[in-house]
Protein chains: 2
Amino acid sequence: MRTCYTGEVSKEHLDQTVTLFGWVHRRRDHGGVIFIDLRDRAGLAQIVVDPDNVEAFSTAEHIRNEFCVRVTGLVRLRPEGTSNPDLKSGEIEVLCREIEVLNASVTPPFQLDDDNLSETTRLTHRVLDLRRPQMQQNLMLRYRVSIEVRKYLDNLGFIDIETPMLTKSTPEGARDYLVPSRVNDGQFFALPQSPQLFKQMLMVSGFDRYYQITKCFRDEDLRADRQPEFTQIDCETSFLNEEQIREIFEGMIRHVFAHVQNVELPAVFPTMAWEEAMHRYGSDKPDLRVKLEFVDVGDLMQDVEFKVFSAPANDPASRVVALRIPGGASMPRSEIDAYTKFVSIYGAKGLAYIKVNDAASIPEGLQSPIVKNINVDALSKVIERTGAQSGDLIFFGADKAKVVNDAIGALRVKIGHSEFGQQNGLLEAGWKPLWVVDFPMFEYDEEEGRYFAAHHPFTSPKDGHENLLETDPASALAKAYDLVLNGWEIGGGSVRIHRADVQTKVFQALNIDAEEARTKFGFLLDALQYGAPPHGGVAFGLDRLVTMMAKAESIRDVIAFPKTQRAQCLLTQAPSAVDEKQLRELHIRLRNTEVK
Amino acid sequence: MRTCYTGEVSKEHLDQTVTLFGWVHRRRDHGGVIFIDLRDRAGLAQIVVDPDNVEAFSTAEHIRNEFCVRVTGLVRLRPEGTSNPDLKSGEIEVLCREIEVLNASVTPPFQLDDDNLSETTRLTHRVLDLRRPQMQQNLMLRYRVSIEVRKYLDNLGFIDIETPMLTKSTPEGARDYLVPSRVNDGQFFALPQSPQLFKQMLMVSGFDRYYQITKCFRDEDLRADRQPEFTQIDCETSFLNEEQIREIFEGMIRHVFAHVQNVELPAVFPTMAWEEAMHRYGSDKPDLRVKLEFVDVGDLMQDVEFKVFSAPANDPASRVVALRIPGGASMPRSEIDAYTKFVSIYGAKGLAYIKVNDAASIPEGLQSPIVKNINVDALSKVIERTGAQSGDLIFFGADKAKVVNDAIGALRVKIGHSEFGQQNGLLEAGWKPLWVVDFPMFEYDEEEGRYFAAHHPFTSPKDGHENLLETDPASALAKAYDLVLNGWEIGGGSVRIHRADVQTKVFQALNIDAEEARTKFGFLLDALQYGAPPHGGVAFGLDRLVTMMAKAESIRDVIAFPKTQRAQCLLTQAPSAVDEKQLRELHIRLRNTEVK
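Quantities reported herein were computed from a predicted structural model and do not represent experimental measurements.

K.L.:
Pulling in residues and values, what's your account of the environment of Gly298(A)?
P.N.:
Residues and elements named next belong to chain A. With respect to the helices and strands, the residue glycine 298 is situated in the loop between strand 12 (294-296) and helix 8 (307-313). Sequence separation between glycine 298 and asparagine 241 is 57 residues; the distance between their C-alpha atoms is 38 Å. Not counting residues up to four positions away in its chain, the partners in contact with glycine 298 are Ala313 and Val320.

Structure follows, in structure tokens:
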């Protein structure tokens, strides 16, 4: 049997005989001696095979990379000057007494330490890719996060209750993955987009505190940080208000960072109203590490000659903002041009700017193509309000509010994280959590001409906002909250509606008529009638949280067997064609039969 | 905020003011005072509302069953003679100071303490059904089992790694649930029947010790103890042999029983070869609590006149067994007739028996319709071999081995658990675990004329049995094991094949040709080439384990939202018809369009 993991042999085992299992990471012949770097999930150890040990040596001579072996040997100090401080086993080596090949390996299609592999290669040969130490660490980190979440929640009386994977299709928001029923001809299950309604029903059933780390499914067009199936830390509790719920779950995130990575997050996470976040950062998930803020200047621009500013300044649906970049006057023209191109992705038609060469002399000290079209008074007030100093740069956004928020919000983050931003102290280090609260209940969709739920249709309005559901839905705020960490939304939730009459009003505001409400959500409306408790909860995206903690580039680096952006598994070749017999049993046929 | 759970108020809180949240379980008016049994997930407490407290009393007067309320009040001793030893709060009551209705309830469709509800009623109103104390306890027990499993495995270095839910269809054994792909026209994912191949690949990747508590899916015709989706405790480890693997996992079951129910299982679980289990009990999952055993008497019956015995006695595919029932001579004829009918379910054409009135005088002391057709010598040897005493009864099974094993195996359990069996000491109390080992590799299917994998096609043959795969597949034994508890298979597993050449031989024995093997399992064969470690594992059925521990009647009683035997969710009405638009996006259409 194994004495310990290969990566954990250390000076503690000096002069002891150990038995290790692992894979040959590298073999070197040096001065007639064979050196093997043996690897397992805990790390590497150096094995020395001496030619005096004839049997072991002859075995070792035939060993190649990725062979799986058992080694028994004596732990001794490495010769002076050859220790490796990067390894736990770096001060010792194992003098091989016996070595047994448990399984040979053909030559791998790539070197495990090649950092320039394409994603296609990595996902096709995922079994080997997962042997890479970084991937081993990522998945072990993911495990530690999930187990610490469980410990924290268990300690507070939350219980894990499994909800169904084969559920009812209620298309609202994302597309469902459907599962045809064999027994019930013509009917389909849907894979859950989240356990939302089940966890609410568990609260009505009196389970009081629920959690589940569970797979959710959305059949959406995939982006870099999306997967068809993803993992949610899903929680719900009864009898607590918004603040009490947030306190529990920011505690969970603090616990996880402290126990998994030994990182202390702030003792209290700040909160910011959604409106303030949009106002100051143009985003409901502001990266607070970036020390740049929007300054509204629309009121200053209403009468200026420059139509690009004055038109939106006089339109209530638009905004005009300034973004002061300390030290930005030194930014080369090429960088400004690159940013102009960057904001165009978000629909901005240009990117006006002013270089503040001398803040004391206006307009002479200001360098910009637009200065001549803006009166001195307005310019002075912009300099004053933004607090711009000589040597700064001011960017402007002027357009429909959404375009300005998206474009200048993204620009703000882009500049903060740029080389310029880092060199000029615009980016703080560390973790900056933020609760964004007081979201609007509804978002108006211009195209469809109706309101949609900003969070989901089961979110409670703020106390006193119940009547606004009918009189002024756009102004109704919700008991909803998102937890934002360094510009990523890692979780979100809300206090739910626990009264059937309020739920009905929200459905009305969403243009869901009584019949549709009954067909889709009748079981929820029924449940709310039987003394449903006040309740609320939260869901965290585990993939995203772990990606951040691992500082990985993609969520695919923290998922063992992810799908590509075409929703395919390159390892197993799923999805794939199936037998006609299977389709017949499921009462379906393909539309484009020539495909099969 | 809540002081503690309602069910946990006790003498410890005497003279303290507590705040409780819960549901009105019962309201009684007695002597001008209102008594409320308040309920939450922890249990009940008695609230007393005095008419002197005018406001609280007037609220309480309008409260009905299942209202959700908050109560603040003083904990005091119940008057002498009125305490309730069944409740943790049974010695105290809470004198109500304030009561607030958090949500009213319409009259529930049934009384929560009605034990005679139909399953249809319970599943249709599952939200209320889950409020029943028994269901609350069942799901909390289930949670405790899963968290103790995690603690035990975490402690041994097992890590939870999530495997995909959208996988490849490889029809073998059970039917897959299919999920049409929108992005990949004409192709389908399958929901996993188990994470078997993924966990093996994780071993090849070097993760060494893996576990997952995860949903698996089989689209089979449902029996009482089956669900379309079920939960598996799925584990795999590298570098251990069969005995070492079993030791770890029987330790897990011992840990769970000890920590969840304070039950000590045996320090070592016995093992029994599959062949012995079939021989002695006619079953590969014998209930060892039942103190009855098969005695083979075929050799004694080869020459008897009684054709029902002599024919199978001379057929190598058949067997003739005796089952001695101590004290059974007193069994009334009606009971024997009922057993005769019972064994016919399993294909037995009759149920021969002998009442041993006087074991010392043969044949006079034997009472049976068949005695006259069996010679005295054979009868004497049957009495001797079975050890039958005066007053016993002997049942016989004589048919194809499968029929005898199924019929007399079931009869053995039936009699053991009958009133007769319990009164005559044929049923031991407690938990009787057993590892059944040395399963055959293959089972021959007469209908299809080929071998099937007895466990699954990735199971390793016993050392030295590799050549039998080609020469005599029927004799090849596997490194497979099942954990049986009181006659239920609660888990099973095997050492896996870790060499590509052996895996290929097994596929050949199963008539899976090279092309089919490559199409279905190419990724596994590839993985085995790269230094795959020796590995093996086990999977436990969580639903079944918890059902046993909860002494529930059905696995549906330990699942929050189960499906019916028609694979339907009566609460949400899943599966259901879906929009034509959804089907079009998935490139499928219904076969029987009139259904939609």
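K.L.:
Any details on the sheet that holds strand 11 (residues 271-273) of chain B? Residues and values, ideally.
P.N.:
Residues and elements named next belong to chain B. Across the sheet, eight strands lie side by side as 6-9-10-22-21-20-17-11; this open sheet has mixed pairing. Strand pairing shows two members of the sheet lacking a second neighbour, strand 6 (159-160) and strand 11, which therefore form its edges. Bridge count for strand 6 against strand 9 (residues 209-217) is two bridges, and the pairing is parallel. When the bridges of strand 9 are listed, isoleucine 159 appears paired with tyrosine 210. Packed on one face of the sheet, helix 4 (residues 133-155) meets strand 6, strand 9 and strand 10 (229-238) and runs near 150 degrees to strand 9. Across the sheet, helix 17 (residues 542-550) is in contact with strand 9, strand 10, strand 20 (480-485), strand 21 (488-495) and strand 22 (535-541); its angle to strand 21 comes to roughly 145 degrees.

K.L.:
An account of the interface of chain B and chain A is requested, with residue identities and associated values reported.
P.N.:
Contacts between chain B and chain A engage 124 residues on the former and 124 residues on the latter. For the pairing of chain B and chain A, the buried interface totals around 11,000 Å² over both sides, and the portion due to carbon and sulfur atoms is 58%. Run the count over chain B and chain A and you get 14 salt bridges. Glu162(A) is paired through a salt bridge with Arg142(B); the nearest N and O atoms lie 2.8 Å apart. For the interface between chain B and chain A, the tally reads 69 residue pairs in polar contact (both at pLDDT 80 or more). Split into classes, the residues belonging to the side of chain B that touches chain A amount to 65 nonpolar, 27 polar and 32 charged. Here strand 23 (residues 588-590) of chain A pairs with strand 23 (residues 588-590) of chain B via three bridges, running antiparallel. Within strand 23 of chain B, the position partnered with Ile588(A) by the bridge is Leu590(B).

K.L.:
How would you summarise the sheet that holds strand 15 (residues 366-367) of chain B if you had to cite specific residues and measurements?
P.N.:
Sheet strands pair by backbone hydrogen bonding; their relative direction is either parallel or antiparallel. Residue and element names in this part refer to chain B. As summarised here, the arrangement of the five strands in space is 12-13-16-14-15, forming an open sheet in which the pairing is antiparallel. The sheet is open, and its two borders are formed by strand 12 (294-296) and strand 15, each paired with just one other strand. Of the pairings in the sheet, the one linking strand 12 to strand 13 (residues 318-325) comprises three bridges and is antiparallel in character. Its bridge partner being in strand 13, aspartate 296 is matched across the sheet by valine 321. The sheet strands contacting helix 7 (residues 274-281) are strand 12 and strand 13, and the helix crosses strand 12 at an angle near 95 degrees. Relative to the sheet, helix 11 (residues 376-386) contacts strand 12, strand 13, strand 14 (352-356), strand 15 and strand 16 (392-400), its axis offset from that of strand 16 by approximately 105 degrees.

K.L.:
Please set out the relation of the copies chain B and chain A residue by residue, giving values where relevant.
P.N.:
When chain B is fitted onto chain A, the two copies agree to an RMSD of 0.1 Å after a turn of 180 degrees and an axial shift of 0.0 Å. Taken together, these values place the two copies in the relation of a two-fold axis. Both copies present the same face, since 100% of the interface residues in chain B are matched by interface residues at the equivalent positions in chain A.

K.L.:
Explain the packing of helix 4 of chain B against helix 6 (residues 242-261) of chain B residue by residue, including any values.
P.N.:
Residue and element names in this part refer to chain B. With their axes 9 Å apart at the nearest point, helix 4 and helix 6 run at an angle of 135 degrees to one another. In terms of orientation, helix 4 lies oblique with respect to helix 6. Between helix 4 and helix 6 lies a crossing of right-handed hand. Judged by residue contacts, Leu141, Arg144, Val145, Glu148, Val149, Tyr152 and Leu153 of helix 4 engage Glu247, Ile248, Phe249, Gly251, Met252, His255, Val256, His259, Val260 and Gln261 from helix 6. Class assignment of the residues belonging to the contact of helix 4 with helix 6 gives a composition of ten nonpolar, four polar and three charged.

K.L.:
Now, about the UniProt feature "site: Important for tRNA non-discrimination" (unreviewed entry) in chain A: what can you tell me, with residues and values included?
P.N.:
Residues and elements named next belong to chain A. Within this numbering scheme, the UniProt entry marks His30 and Gly81 as carrying the feature "site: Important for tRNA non-discrimination" (unreviewed entry). If you trace the backbone, histidine 30 turns up in strand 1 (residues 17-30). The class of histidine 30 is exposed, set by a relative accessible area of 57%.

K.L.:
Give a detailed account of the pairing of strand 4 (residues 68-77) of chain A, specifying residues and quantitative values.
P.N.:
Residues and elements named next belong to chain A. The buried fraction of strand 4 amounts to seven of the ten residues, a majority that puts the element mostly inside the structure. Sheet topology places strand 4 next to strand 5 (residues 92-103); ten bridges connect them, and they run antiparallel. Its bridge partner being in strand 5, leucine 77 is matched across the sheet by isoleucine 92.

K.L.:
If you had to explain the environment of Arg131(A) to someone new, which residues and values would you point to?
P.N.:
Its location among the elements puts Arg131(A) in the loop between helix 3 (126-129) and helix 4 (133-155). C-alpha of Arg131(A) to C-alpha of Trp23(A): the two residues are 108 residues apart in sequence and 9.5 Å apart in space. Once residues within four sequence positions are removed from consideration, Arg131(A) is found in contact with Trp23(A), Arg39(A), Glu66(A), Leu112(A), Gln136(A), Val204(B), Ser205(B), Tyr530(B), Gly531(B) and Ala532(B). From its side chain, Arg131(A) meets the backbone oxygen of Tyr530(B) in a polar contact 2.4 Å long.

What counts and what doesn't
Each chain has its residues counted from 1, following the order in which its sequence is written. Just so you know, chain letters begin at A and ligand numbers begin at 1, following the order they were written in. It should be noted that, the model being predicted, local features are given only for residues of pLDDT at least 70 and side-chain atom pairs only at 80 or more, the latter also being counted only at that level, while totals for whole chains, interfaces and linings use all residues. To get the side-chain values, all heavy atoms of the structure are used, and hydrogens and water are removed first. Only runs of H or I of at least four residues qualify as helices and only runs of E of at least two qualify as strands under DSSP, and these elements are numbered from the N terminus. Contacts between residues were defined by any pair of non-hydrogen atoms, one from each residue, lying within 4.5 Å. Pairing between strands requires that DSSP locate at least two bridges from one strand to the other. Axes here mean lines fitted to C-alpha atoms, for a helix over just the part in contact, with angles spanning 0 to 180 degrees between N-to-C directions. In this description, buried area is defined as the sum, over both parts, of the accessible area (probe of 1.4 Å) that is lost when the two are combined. The salt bridge definition used is simple: a Lys or Arg side-chain nitrogen within 4 Å of an Asp or Glu carboxyl oxygen. We call two N or O atoms a polar contact when they sit within 3.5 Å, provided that within protein one can donate a hydrogen and the other can accept it, with sequence-adjacent residues counted only if both atoms are side-chain atoms. Three classes are used: nonpolar for Ala, Val, Leu, Ile, Met, Phe, Trp, Tyr, Cys and Pro, charged for Asp, Glu, Lys and Arg, and polar for all others, with Gly counted as polar. Superposing copies: least-squares fit, C-alpha atoms only, residues required to have pLDDT of at least 70 in both. Angles are sorted into four bins: roughly parallel if under 35 degrees, roughly antiparallel if over 145, roughly perpendicular if 65 to 115, and oblique for all others. Left-handed describes a crossing in which the near helix is turned anticlockwise from the far one by less than a right angle; the clockwise case is right-handed. UniProt positions are given in the numbering used here, feature names are shortened, and annotations may be inferred rather than shown by experiment. With a 1.4 Å probe rolled over the protein chains alone, any residue whose accessible area is under 20% of its type maximum counts as buried; one over 50% counts as exposed, and the rest are partly exposed.

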